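# Working through the structure, step by step
Each chain, written out:
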Amino acid sequence: MNSQSTPKILGVEPECPACKKIEKAAGSVPVGRVIEKLDALLSGNDLAGAERLLEYWMGEARMLNDARGELSLVNEMLGLSRRLANKEKAQSAIDRALALVTETEMDGTVSGATILLNAATTKKAFGDPEGAVALYEKTAGIYRTQQLDESDSRYAAFYNNYATTLVDLARYDEAQTLYQKALALTRENGALLDHAVTLVNMAHMYEASESIESKKITDCLARAEHILMDETTERTPYYAFVAEKCAPSFDYFGYFFTAKALRDTSKEIYERS
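Residues numbered from 1 in each chain as written. Predicted model: local features only at pLDDT ≥ 70, side-chain atom pairs only at ≥ 80, totals over all residues. Heavy atoms only, no water.

Before going further, it helps to spend a moment on the packing of aromatic side chains. Considering all chains together, one arrives at 12 aromatic pairs under this definition. Arranged with centres 5.5 Å apart and planes meeting at 20°, the rings of Y155 and Y159 form a pair that is stacked. In this pair, Y155 and Y159 are both assigned in helix 8 (residues 153–168), four residues apart and thus about one turn of the helix distant. Taken together, a centroid distance of 5.5 Å and an interplanar angle of 55° make the contact between F158 and Y162 tilted. Pair noted here: F158 and Y162 are both in helix 8, with a separation of four residues, about one helical turn. (Phe/Tyr/Trp six-rings, centres within 6.5 Å; stacked < 30°, edge-to-face > 60°. Helix = DSSP H or I, 4+ residues; strand = E, 2+ residues; numbered from the N terminus.)

Within the secondary structure, A170 is located in the loop between helix 8 and helix 9 (172–189). Each C-alpha atom, one on A170 and one on A208, is 8.0 Å from the other, the two residues being 38 residues apart in sequence.

Let's shift gears to the nonpolar core. Counting 85 residues, the largest nonpolar core has Y143, F158, L228, C246, F250 and L262 as its most contacted members. Setting aside anything within four residues of it in sequence, one finds Y143 in contact with V110, A113, T114, L117, L148, R154, Y155 and F158. (Core = buried A, V, L, I, M, F, W, Y, C linked by side-chain atoms within 4.5 Å. Buried < 20%, exposed > 50% of the residue type's maximum accessible area, 1.4 Å probe, protein only. Contact = heavy atoms within 4.5 Å.)

This part takes up helix 13 (residues 256–272). Along its 17 residues, helix 13 runs 25 Å from first to last C-alpha, staying within 8% of the 24 Å computed at 1.5 Å per residue. Inspection of helix 13 places T258, A259, A261, L262, T265, S266, I269 and Y270 among the buried residues, and these make up the whole buried set. Burial along helix 13 is one-sided: seen end-on, the buried residues are contained in an arc of 165°. Of the exposed residues in helix 13, those oriented more than 90 degrees away from the buried face are F256, F257, K260, K267, E271 and R272. Contacts made by the buried residues of helix 13 are with helix 2 (31–43), helix 4 (67–84), helix 11 (214–229) and helix 12 (237–252). (Expected span 1.5 Å × (residues − 1). Arc of directions from axis to C-beta.)

Moving on, we come to the confidence of the model for the protein. For the protein, the average pLDDT comes to 90, and 89% of its residues sit at 70 or higher. Residue range residues 17–26 is modelled with pLDDT below 50. Its contacts to residues more than four positions away, or to other chains, number 18 contacts. (pLDDT = per-residue confidence, 0-100.)

Where helix 7 (residues 129–145) meets helix 8, the axes come as close as 10 Å, and the angle between the chain directions of the two elements is 150°. Taken together, the axes of helix 7 and helix 8 lie roughly antiparallel to each other. In this structure, the crossing between helix 7 and helix 8 has a hand that is left-handed. Only R154, Y155, F158, N161, Y162, T165, L166 and D168 of helix 8 make contact with helix 7, whose side of the interface consists of P129, A132, V133, Y136, E137, T139, A140, Y143 and R144. (Axes fitted to C-alpha atoms, helices over the stretch in contact; angles between N-to-C directions. Parallel < 35°, antiparallel > 145°, perpendicular 65-115°, else oblique. Left-handed = near helix turned anticlockwise from the far one by under 90°.)

What follows concerns unusual backbone geometry. Backbone geometry at A85 places phi at a positive 55°, although glycine is not the residue there. Counting through the fold element by element, A85 comes out in the loop between helix 4 and helix 5 (87–103). For E105, which is not a glycine, the phi torsion comes out positive at approximately 60°.

Here helix 9 is 18 residues long and its end C-alpha atoms lie 25 Å apart, about the 26 Å a rise of 1.5 Å per residue gives. Looking only at helix 9, the buried set comprises A175, L178, Y179, A182, L183, L185 and T186. Taken together, the buried residues of helix 9 touch helix 8, helix 10 (192–208) and helix 11. Among the residues trailing helix 9, G190 stands out with phi positive, at a value near 70°.

This part is about the pattern of salt bridges. Applying the stated rule across the entire model yields 11 salt bridges. E51 is paired through a salt bridge with K89; the nearest N and O atoms lie 3.2 Å apart. Of this pair, E51 sits in helix 3 (residues 47–63) while K89 sits in helix 5, placing them 38 residues apart in sequence. When its relative accessible area of 22% is taken as the criterion, E51 is described as partly exposed. Here D264 makes a salt bridge to K260, at a shortest N to O gap of 2.7 Å. In this pair, D264 and K260 are both assigned in helix 13, four residues apart and thus about one turn of the helix distant. Accessibility expressed as a relative area gives 52% for K260, which makes it exposed. Each of E51, E55 and K89 takes part in one network of salt bridges that share partners. (Salt bridge = Lys/Arg side-chain N within 4 Å of Asp/Glu carboxyl O.)

Looking at Y159, the relative accessible area reads 11%, which means it is buried. Residues Y159 and L185, 26 residues apart in the sequence, show an inter-C-alpha distance of 9.5 Å.

As for its placement among the helices and strands, K123 is situated in helix 6 (residues 110–125). Not counting the four nearest positions on each side in its chain, K123 is found in contact with I94, D128, G131, A132 and L135.

Quick look at the structure:
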């Protein structure tokens, strides 16, 4: 067993389509334009600029009593807080997101559930897997009640992130079942980068389990490496994000050349964005 701390992979980023479709109206913040600017800042890895942008417009939304606009931006802050590794900001965003989901009467909706998924992923990232599980189970219940199509990409994020939390709780059999579902869905949807993230997470799961499955670890890493190092895999800002987060895991398992290549490529993409 490697004595160094196991690197943590960020889960697949949950999407909230409804949040990006809110248009500017009287007394509301321009959510669409703010998120366009946010995406541009994140593409260049300008996390400090992204933080300032969201803080400003979240404040504006509160002044205008624009609860739906604020919820859209708080949802973005959940993901950003994980990248910033800022626990205080993350907890504040979680508390506000949960309150706003109720205030905006989005409880029980698919869009509201996706925000709960994002909050759960953030709880897990900052050391509260038990709290995350409760939100994941609520999310699953809403997806079922609303009959969300099982081929929907939101299920892939749900399976992957929930499984990663179950690994923290040593519930390996349940985690493996969910990872396999995530693999099948990302393969079906052609989401190769998310497929690679799931494979890397599975390698950590196999190592964490009581009986180390060295062959399975090697197989998962080899498959993820093939996707990430394949020259036909488009080098987008999201590729840079995934490469940056997977690199420490390849280092951890001794794939030093791959880890360096991923970091270098990620840096190049951010610099030209």
